[in-house]
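Now for the letters of each chain:
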Amino acid sequence: MPNDRRPADDFEVSADLPDSPMHTTGTDHITLVGSNAEDTIAFYRDLLGMPLVLRQPNLDDPDSTHLFFDTGDGRVLTFFVNDDRDSDPRPRRTPVGGVHHLSFGIDPERFVAVREALEDAGRGYNEFDRGIFHSLYTRDHNGLTIELSTDKWAIPDDRRGEVLATAQRIREEDGADFAEERHLEQALDELGIDAEKFDLPDAPTGAGV
């Protein structure tokens, strides 16, 4: 059967609100099925530094507990855990509809310190310069890929979508395969945003991996 679906390149990239019946106001929380409370708290609170702000029964399953972590900006990551579940650090296979990875922001001025903390904790990681941001990739106690990402410029939160959409247009006009640092820099200049650039270490792009 022929595939007559429209490809991704057919869809416009824009920071303007779409003509849709509703508009979300942000991410409230994301919930994952975790293993046990001890391992989950050890990784997300004791290593990544997310406060455990709420613990209560899972209201849909009384045999599990619902843990709430503040990711740093009031947005919440929650887990359904059960003390009878063992953690499994093997990499996850990601089916359609599955979670490929979670990305959390980190302070650019503490990027090197965060990398050293992963090393001290015996956590493997990869470091990549993604062109428009800089990231460390590691795995949690259940094999889920965790990205620790920092911006290259101090872009105001309320202008982020506009900056990325402008960088996309510039990237396409340039004929580049992906958004590079220079495209983001040109977008900031075009939009008249005077954003501080952070000093981050050199790293491979990771393109194609």
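None of the values given here were measured: they were computed from a predicted structure.

Draft legend 1. Quick peek at the overall build of the chain. Along the backbone of the chain there are four helices and eight strands. Each helix and strand of the chain, ordered N terminal to C terminal, gives the series β-α-β-β-β-β-α-β-β-β-α-α. C-alpha atoms of the chain, sized along the principal axes, occupy 55 × 45 × 35 Å. Taken across its 209 residues, the chain has 34% of its residues classed as buried. With an accessible surface of roughly 13,800 Å², the chain has 46% of that area assigned to carbon and sulfur atoms. Treating the 21 positive side-chain charges of the chain as one cloud and the 45 negative ones as another, the clouds have centres 4 Å apart.

Draft legend 2. Highlighting the UniProt feature "domain: VOC" (unreviewed entry) in the chain. UniProt annotation of "domain: VOC" (unreviewed entry) refers to residues 26-151 when read in the numbering used here. A distance of 19 Å separates the end C-alpha atoms of residues 26-151, which is 14% helix and 40% strand.

Draft legend 3. Seen up close, the sheet that holds strand E6 (residues 126-129). Spatial strand order, E5-E8-E7-E6: four strands in an open sheet with mixed pairing. One side of each edge strand has no neighbouring strand; the edge strands of this open sheet are strand E5 (101-105) and E6. In this sheet, adjacent strand axes meet at a mean angle of 25 degrees when their direction is disregarded. As paired elements, E6 and strand E7 (residues 133-139) share four bridges and run antiparallel to each other. For Asp 129, the partnering residue across the bridge sits in E7 and is His 134. Together, E6, E7 and strand E8 (145-151) form the strand contacts of helix H2 (residues 111-120), whose direction differs from that of E7 by roughly 15 degrees.

Draft legend 4. Seen up close, the sheet that holds strand E4 (residues 76-81). Ordered by their spatial adjacency, four strands build an open sheet running E1-E4-E3-E2, and the pairing between neighbours is mixed. In the strand order of this sheet, the two ends are held by strand E1 (29-33) and strand E2 (52-58), each with one partner. Across this sheet, the average inter-strand angle for adjacent strands is 20 degrees, counted without regard to direction. Where strand E3 (residues 61-70) lies against E4, six bridges are found, and the strand directions are antiparallel. Its bridge partner being in E4, Leu 67 is matched across the sheet by Phe 79. In this fold helix H1 (residues 37-44) packs onto E2, E3 and E4, with an angle of close to 10 degrees to the strand it touches most, E3.

Parameters and conventions
Residues numbered from 1 in each chain as written. Predicted model: local features only at pLDDT ≥ 70, side-chain atom pairs only at ≥ 80, totals over all residues. Heavy atoms only, no water. Helix = DSSP H or I, 4+ residues; strand = E, 2+ residues; numbered from the N terminus. Buried < 20%, exposed > 50% of the residue type's maximum accessible area, 1.4 Å probe, protein only. Areas by Shrake-Rupley, 256 points an atom, 1.4 Å probe, with all protein chains shown as cover. Lys, Arg positive; Asp, Glu negative; His and termini not counted. Charge placed at Lys NZ, Arg CZ, Asp CG, Glu CD. UniProt positions renumbered as here; feature names shortened; annotations may be inferred. Pairing = 2+ DSSP bridges. Axes fitted to C-alpha atoms, helices over the stretch in contact; angles between N-to-C directions. Contact = heavy atoms within 4.5 Å.

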